[in-house]
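Examination of the molecular architecture
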Number of protein chains: 4
Amino acid sequence: MATGIVLGDNSYGKAECRLVHVERDPAGHRLTDLSVSVALGGDLAATHYTGDNTAVLPTDTQKNTVYAFARDGVGQIEDFGLRLARHFVHSQPTIHRARITIEQYGWQRNGDHPHSFVRGAPTRTATVTCGGEGEWVVSGVADLTVLNTTESEFHGFIKDRYTTLPETADRILATAVSARWRHGSADNPDWARSHAEAVRHLLDAFADTHSCSLQQTLYAMASRVLEHRPELVEARLSLPNKHHFLLDLSPFGLDNPDAVYHAADRPYGLIEGTAVRAGAAPAGQAW
Amino acid sequence: MATGIVLGDNSYGKAECRLVHVERDPAGHRLTDLSVSVALGGDLAATHYTGDNTAVLPTDTQKNTVYAFARDGVGQIEDFGLRLARHFVHSQPTIHRARITIEQYGWQRNGDHPHSFVRGAPTRTATVTCGGEGEWVVSGVADLTVLNTTESEFHGFIKDRYTTLPETADRILATAVSARWRHGSADNPDWARSHAEAVRHLLDAFADTHSCSLQQTLYAMASRVLEHRPELVEARLSLPNKHHFLLDLSPFGLDNPDAVYHAADRPYGLIEGTAVRAGAAPAGQAW
Amino acid sequence: MATGIVLGDNSYGKAECRLVHVERDPAGHRLTDLSVSVALGGDLAATHYTGDNTAVLPTDTQKNTVYAFARDGVGQIEDFGLRLARHFVHSQPTIHRARITIEQYGWQRNGDHPHSFVRGAPTRTATVTCGGEGEWVVSGVADLTVLNTTESEFHGFIKDRYTTLPETADRILATAVSARWRHGSADNPDWARSHAEAVRHLLDAFADTHSCSLQQTLYAMASRVLEHRPELVEARLSLPNKHHFLLDLSPFGLDNPDAVYHAADRPYGLIEGTAVRAGAAPAGQAW
Amino acid sequence: MATGIVLGDNSYGKAECRLVHVERDPAGHRLTDLSVSVALGGDLAATHYTGDNTAVLPTDTQKNTVYAFARDGVGQIEDFGLRLARHFVHSQPTIHRARITIEQYGWQRNGDHPHSFVRGAPTRTATVTCGGEGEWVVSGVADLTVLNTTESEFHGFIKDRYTTLPETADRILATAVSARWRHGSADNPDWARSHAEAVRHLLDAFADTHSCSLQQTLYAMASRVLEHRPELVEARLSLPNKHHFLLDLSPFGLDNPDAVYHAADRPYGLIEGTAVRAGAAPAGQAW
């Protein structure tokens, strides 16, 4: 241990346990496909300073626990995260904080076949955190790429020495939505419906908003979710602006009436923002 | 130019032109999202041996051509590929062979909103080759991940000194389908329907086949497409065997009645095979 | 603007501007290859609530600024980040906070040729944050994968119902280092040397530490950097435990004397931790 | 089995076995880090048509074989591939063809520490094919990104209606080299030296060639290898043209004296070509 140098923030765990559960209902199998990550905190100074592992629950054991807890079914990922997080904190005196992060991959039934499935987007996510001071549940969505072909403007912005962008009254607006929303409570009788509705409101708000900036669209999406879902208190979105540039076809003797675009990779705009319900419980260690 | 060393096979072109086309029908916009790659061959010895570019149509010009040709609409990707490939071969005396490879990304309408879209799998593909001797069209699909929870067995295989795999009468079968199928002709009045039906037959065959090996499933899928689509003469599939291992929960005092699996990354099986219609026109330079 | 719902944390900017600069010194060209990301904060409520962009410096302008500022050379990436961050905050009354994140890709000279280069790992990183309250510089390294073939043990850990991992007195220890370290000041006469020495101390500590846990190795690495570099006040490391499993070759009549391993992909351990100099200036908005 | 539809080309095997071998020499450990893929062909109609696996050596057994064969050391990857390929073909009457594809990841010693390593580029590759008619060995390199800051021109090319590219007498030339070269024989007393020299000649030729097209550079690289390495008979290169566009800084009142570039992602040029030694043994099933 070095003099005058101390251990700061730390956590450890097993990441990306790829768990698939099959419920073999004769009326039609049900498939749950997850990546589960565990991160624990607690009395971990000794292992950092001296390699004394007395307080360490190995990441291998965490992985085993994830698989064993799935034996009787996973259920909703928020509940599965709570079961796991509470287990680690309550069963181990040295573990004071557990965060379970889950990605659930989308699968649809292959036609009407009872045990065949096709994978599809988007990905449903949950992050559950349990500590001495509370429990927090954050749900979310990833892999949700959306595009509006019109009703997006961008003008009235600052011009300085480095400005070359022309103002536009009509452009393509496209983004890959990463959204997470915090629940006001760790109890929810219907996580599945809460999630489905939140995603639907995100999609509706994206489509319905006549946008003067991606920030405006972001706030419209985040606030729409909170307006319609009283169980939610905060929504955070990260929206890359996937630029589509109208091509100049005039060198080839052609006009381009908002028809042909180049979809660029990099650089891209990145807009991140949060909507919060006034008076909501504080976020604690939720994020 | 080195003595006794000669130029062999070669091609050049612009890869992954990201082209988005919007058809602004007031009844509902239509979105076409492509990655277009061009590869040309011909009288290219001089540029290799001495850097004399007299016979070279620059890849930048190829890119411009892709975008310009989209001005009046893309249509079906097989047709778009044929238009581009024929253009390069017919307009340039030094270019004798053109291959156009297109990926079309899937987009669905966002609800019933007329100009908002959500991206989804799978990806439709086409490879069109035009040379002095003929024209070939290959259609295909990628990003199509499927899983059967039962009706997959694997037994009766060779055992040798290195065998440890137990035989099984019931396992998960999962794969990410990469499939391509060759058309007997470069004329097709309905490429869209041909493609949709081919994909449907692949999915049906995957679900319907009681599988004793992934090879059996592969051949069932490939041959089903040819049986039902007379315009097709050959189907090639590449199927990674995405292993799902049943977990041993007995150390934790639990059984595992075909419920909890680990989805492994690597290594994976890789099964590749082809079904061919007897008496079909030879493949030429199609692949 | 929704009633009772307010804008929370937010930022926006252009991400991953791929900037390459060539200094054409006749004695040997010098190559700088960067990905530069800008994130700004400030008086941005209006654009979120109503799409009023009066306070918005477009991300396109940010990109132009990055390229224009490189005209006379990039220099050390910490300095380049400071120049850019200060420019945005000082030139725009509505912008109160700027964070510049830079990745610098490694290139070595190709032999002794004066203008030919070969790309290599690792990647040097810098994150510079300027706000009303201060300036913070964080340097770092990524793409640095290391492995010790011995001198790694793991035992003495908690055993519970879900434990199956045997204790080990000798294992492979491998990780992909993501490390960042905070400077006590935004002034440094020799960022390049500071960086090179920090990386060297990380590598030495990884090799020299007889490890009883990856946490012990992490703390040894982080604290070693602080011990030797007085200009640094905090070091944060994120270390995936890239598991190498000794294979059981006994079914084949073979022993395995710590020779043949399977390198697994997922799941993996993930160890994150920080070492802090006692009495250091607080981190403010550095991270 | 469908009427009039027959099985065509096919192969199967285990892909990407991640094998790490440690040779524990007290004077300094030696590390070998591989991804090994096996693909077999033979009497495989039955498993495709009916699921009869009598002729199938499972991919799981192939994986076990890869690990077991590493027990006494891997040696040079060409030799390891030959040992494995010959084993599959000679030990199994139903297997008539085996292709072993190996990637070897680069590791350097961490300072002078005897058992600590740092991973680096490039990746060494080998593809070994054994069939009834012969044996073929192809060595190669991947992950080798190179850049020349000058001595690259491009002009004198075809101009047509779609040409907008200006001619240039000086540009950046950058590419990620994928190169493979075929040996005239499956015997080589020093594969390691052969490989090291081939890579050195590729790098030298890239640096030394004053380039009027990437094709010219490609042929110079491929033919240089054959000129200097008599054991090689053919070299195939695939070179993406990683475009670096000189930025127009004039809107900001700045010139740009070949100093500031944007490194683009897509689209990119893709140049593929082969050099062959006149009179060389035919390629057979090598590729």
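So, a few notes on the structure that sits alongside this text. (Residues numbered from 1 in each chain as written. Chains lettered and ligands numbered in written order. Predicted model: local features only at pLDDT ≥ 70, side-chain atom pairs only at ≥ 80, totals over all residues. Heavy atoms only, no water.)

1. Here's the deal with the overall build of chain A
Quick note on the threshold: Helix and strand labels come from DSSP, where a helix needs a run of H or I of at least four residues and a strand needs a run of E of at least two; each type is numbered from the N terminus. Burial classification: accessible surface area is computed with a 1.4 Å probe over protein chains only, and a residue below 20% of its type maximum counts as buried, one above 50% as exposed, and the rest as partly exposed. Two residues form a contact once any of their heavy atoms are found within 4.5 Å.
Each helix and strand in chain A was counted, giving five helices and eleven strands. Dimensions of chain A, computed from the C-alpha atoms along their principal axes, are close to 75 × 65 × 40 Å. Considering chain A as a whole, with its 287 residues, one finds that 62% of them fall into the buried category. Sequence-distant contacts, at least 24 apart, represent 64% of the contacts inside chain A between residues at least 6 apart.

2. With respect to the packing of aromatic side chains
For clarity, the cut-off: Aromatic rings from Phe, Tyr and Trp, with only the six-membered ring used for Trp, were paired whenever their centres fell within 6.5 Å, and each pair was classed as stacked if the ring planes differed by under 30 degrees, edge-to-face if by over 60, and tilted otherwise.
Applying the stated rule across the entire model yields 16 aromatic pairs over all chains. A ring pair is formed by Tyr49 of chain A and Tyr219 of chain C, whose centres lie 4.9 Å apart and whose planes are at 80°; its orientation type is edge-to-face. Pair noted here: Tyr49 of chain A is in helix H1 (residues 45-50) and Tyr219 of chain C is in helix H5 (residues 214-228), and the two residues belong to different chains. Each ring, one from Phe252 of chain B and one from Tyr162 of chain C, has its centre 5.6 Å from the other, and the planes form 55°; the classification is tilted. In this pair, Phe252 of chain B is assigned in the loop between strand S9 (244-246) and strand S10 (260-263) and Tyr162 of chain C in the loop between strand S6 (134-148) and strand S7 (173-183), connecting two distinct chains.

3. Some words on the interface of chain C and chain A
To be explicit about the condition: Note on terms: buried area is the combined drop in 1.4 Å-probe accessible area of two parts once they are placed together, counting the loss on both. We count a salt bridge whenever a side-chain nitrogen from Lys or Arg sits within 4 Å of a carboxyl oxygen from Asp or Glu. Polar contact is the term for a pair of N or O atoms within 3.5 Å; when the atoms are in protein, one must be able to donate a hydrogen and the other to accept it, and sequence-neighboring residues count only if both atoms are side-chain atoms. Just so you know the grouping, Ala, Val, Leu, Ile, Met, Phe, Trp, Tyr, Cys and Pro go in nonpolar, Asp, Glu, Lys and Arg go in charged, and all remaining residues, Gly too, go in polar. Two strands pair if DSSP finds at least two bridges between them.
Chain C puts 73 residues into the contact, and the matching count from chain A is 73 residues. Each partner contributes to the roughly 6,000 Å² buried at the junction of chain C and chain A, and carbon and sulfur atoms together form 55% of this total. Across the chain C-chain A interface, the total number found is two salt bridges. Arg266 of chain C serves as the salt-bridge partner of Glu16 of chain A, at 3.0 Å between the closest nitrogen and oxygen. The interface formed by chain C and chain A contains 40 residue pairs in polar contact (both at pLDDT 80 or more). Listing elements by their share of the side of chain C that touches chain A, those giving two or more residues are strand S1 (5-15), strand S2 (17-23), helix H1 (45-50), helix H2 (59-69), H5 and strand S11 (268-277) of chain C. Counting residues per element, the side of chain C that touches chain A draws most heavily on S1 of chain C, at eleven residues. Considering only residue class, the side of chain C that touches chain A consists of 31 nonpolar, 30 polar and twelve charged. Note that strand S1 (residues 5-15) of chain A and S11 of chain C share nine bridges and pair antiparallel. Across the sheet, Tyr12 of chain A pairs through a bridge with Ile271 of chain C, a residue of S11 of chain C.

4. Topic: the relation of the copies chain D and chain A
Copies of the same chain, two in number, are related to each other by a rotation about an axis and a translation along it. To keep it simple, the criterion reads: Least squares is the method used to superpose the copies, on C-alpha atoms of residues holding a pLDDT of at least 70 in both.
For the pair chain D and chain A, the superposition axis carries a translation of 0.0 Å, the fit reaches an RMSD of 0.0 Å, and the rotation angle comes to 180°. Both copies of the chain, as the preceding transformation shows, are related through a two-fold rotation axis. Scanning chain D for the C-alpha nearest the rotation axis identifies Asp265 of chain D, at a separation of 3.4 Å. Both copies present the same face, since 100% of the interface residues in chain D are matched by interface residues at the equivalent positions in chain A.

5. What about the interface of chain D and chain A?
The parts lose accessible area when they come together, and the size of an interface is often stated as this lost area. If you look at the interface, chain D gives ten residues, while chain A gives ten residues. Taken together, chain D and chain A are joined by two salt bridges. Here Arg266 of chain D ties to Asp265 of chain A by a salt bridge, and the two come within 2.9 Å at their closest N and O atoms. Across the chain D-chain A interface, the total number found is four residue pairs in polar contact (both at pLDDT 80 or more).

6. Comments concerning the environment of Gly51 of chain B
Mapped onto the elements, Gly51 of chain B comes out in the loop between helix H1 (45-49) and helix H2 (59-69). Owing to a relative accessible area of 8%, Gly51 of chain B belongs among the buried residues under this scheme. Linking Gly51 of chain B and Cys17 of chain B, residues 34 residues apart in sequence, is a C-alpha distance of 25 Å. Excluding anything up to four places from it in sequence, Gly51 of chain B contacts Ala46 of chain B together with Cys212, Ser213 and Gln216 of chain D.

7. Observations concerning the pairing of S10 of chain B
Burial along S10 of chain B is two-sided: Val260 and His262 of chain B and Tyr261 and Ala263 of chain B, pointing in opposite directions, are all buried. Here strand S2 (residues 17-23) of chain A runs beside S10 of chain B; their pairing, made up of three bridges, is antiparallel. Bridge pairing in S10 of chain B links Leu19 of chain A to His262 of chain B. The pairing of S9 of chain B with S10 of chain B spans three bridges and is classified as antiparallel. Bridge assignment links Leu246 of chain B to a residue of S10 of chain B, and that residue is Tyr261 of chain B.

Remember that the coordinates give geometry; whether it matters functionally is a separate question.
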